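This is what each chain is made of:
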Amino acid sequence: MTTSIAPDDPQAPDVRRLLAAHLDFAHEHSPPEDVHALDVSGLCAPDISFFSARDHDGALLAVGALRQLDATDAEIKSMHTSAAARGRGIGRAMLMYLLDLARSRGCTRVSLETGTMDEFAAARSLYRSAGFADCEPFGDYRRSPYSVCMTTTLD
């Protein structure tokens, strides 16, 4: 099966459904004050580049976004793989795509925030396997037992 990653519209109906599942997951497993997932309008902001992974017939498999924080720092946002597509390496492909994009833009650091609960273990494992390490909160994030910030340095 061929998968392609390309810019997409967060307002597209199938994307909206996957983003709703992403927000539902976040709210189900995190206290409201520790849900930092962006909604559709947040993903349409000018500092956000939004992408989807689709298979050869156009079926939506995953989404991910890159927020440009400044000239050298970026943040991974809204990484989510559909339940049916998990375990196929699509999340890793999206992460590598976003890191390559950040690198091409001259970024030297990429950070993210995710949950600390067991339900987020697969995400943390993916990020760690790609070189991310726990870090102090950045931007508007704050210390919380339900949230962990991670960062990696790009070559």
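The sections below set out a description of the structure shown in this document. Since we're looking at a predicted model, the values are computed, not measured.

### A closer look at the layout of surface pockets
Right, on to step 1. Within this model, the largest pocket holds a volume of roughly 810 Å³.
Right, on to step 2. What lines the largest pocket is a set of 33 residues, among which M79, H80, T114, A123 and Y127 lie closest to the centre.
Right, on to step 3. Put simply, the parts of the chain that give the lining of the largest pocket at least two residues each are α1 (13-29), β4 (73-81), α3 (90-104), β5 (109-115) and α4 (121-129).
Right, on to step 4. Here the lining of the largest pocket takes six residues from β4, the largest share from any one element.
Right, on to step 5. Class assignment for the residues of the lining of the largest pocket results in 14 nonpolar, twelve polar and seven charged.

### Let's talk about the environment of A20
Right, on to step 1. Here A20 shows up in helix α1.
Right, on to step 2. On the accessibility criterion, A20 (35% relative accessible area) is partly exposed.
Right, on to step 3. For the pair A20 and G89, spaced 69 residues apart in the sequence, the C-alpha separation amounts to 22 Å.

### Describing the environment of R103
Right, on to step 1. Within the secondary structure layout, R103 lies in helix α3.
Right, on to step 2. For R103, a relative accessible area of 36% puts it in the partly exposed group.
Right, on to step 3. Here the alpha-carbon distance between R103 and L154, two residues 51 residues apart in the chain, equals 6.6 Å.
Right, on to step 4. Dropping the residues within four chain positions of it, R103 is found in contact with L154 and D155.

### Here we look at a negative patch on the surface
Right, on to step 1. On the surface, a cluster of negative charge is made up of D24, E28, D118 and E119.
Right, on to step 2. Along the chain, the position of D24 falls in helix α1.

### Thoughts on the pairing of β5
Right, on to step 1. Of all seven residues in β5, six are buried, a share of seventy percent or more.
Right, on to step 2. Here three bridges tie β4 to β5, and the two strands are oriented parallel to one another. In the sheet register, E75 faces β5, and the bridge partner there is S111.
Right, on to step 3. The handedness of the β4 to β5 crossover, carried by α3, is right-handed.
Right, on to step 4. Note: β5 against strand β7 (residues 147-153), seven bridges, orientation antiparallel. Bridge assignment links G115 to a residue of β7, and that residue is S147.

### Description of the side chain of D73
Right, on to step 1. Relative to the helices and strands, D73 is located in strand β4.
Right, on to step 2. Looking at D73, the relative accessible area reads 13%, which means it is buried.
Right, on to step 3. Polar side-chain contacts of D73 include one of 2.6 Å to the side chain of R109.
Right, on to step 4. Not counting residues up to four positions away in its chain, the partners in contact with D73 are R67, Q68, C107 and R109.

Calculation rules
Residues numbered from 1 in each chain as written. Predicted model: local features only at pLDDT ≥ 70, side-chain atom pairs only at ≥ 80, totals over all residues. Heavy atoms only, no water. 1 Å grid on protein atoms, 1.4 Å probe; cavity = no way out; pocket = protein on both sides within 12 Å on 5 of 7 lines; lining within 4 Å. Points joined across faces, edges and corners; volume = space filled by probe spheres on them. Helix = DSSP H or I, 4+ residues; strand = E, 2+ residues; numbered from the N terminus. Nonpolar A, V, L, I, M, F, W, Y, C, P; charged D, E, K, R; others polar. Buried < 20%, exposed > 50% of the residue type's maximum accessible area, 1.4 Å probe, protein only. Contact = heavy atoms within 4.5 Å. Patch = residues over 30% accessible without salt bridge, like charges linked within 9 Å, V, L, I, M, F, W, Y side chains within 5 Å. Areas by Shrake-Rupley, 256 points an atom, 1.4 Å probe, with all protein chains shown as cover. Salt bridge = Lys/Arg side-chain N within 4 Å of Asp/Glu carboxyl O. Lys, Arg positive; Asp, Glu negative; His and termini not counted. Charge placed at Lys NZ, Arg CZ, Asp CG, Glu CD. Pairing = 2+ DSSP bridges. Right-handed = clockwise from strand over helix to strand, strands pointing away. Polar contact = N/O pair within 3.5 Å; in protein donor to acceptor, adjacent residues only side chain to side chain.

What is shown is where atoms sit, not what they do.
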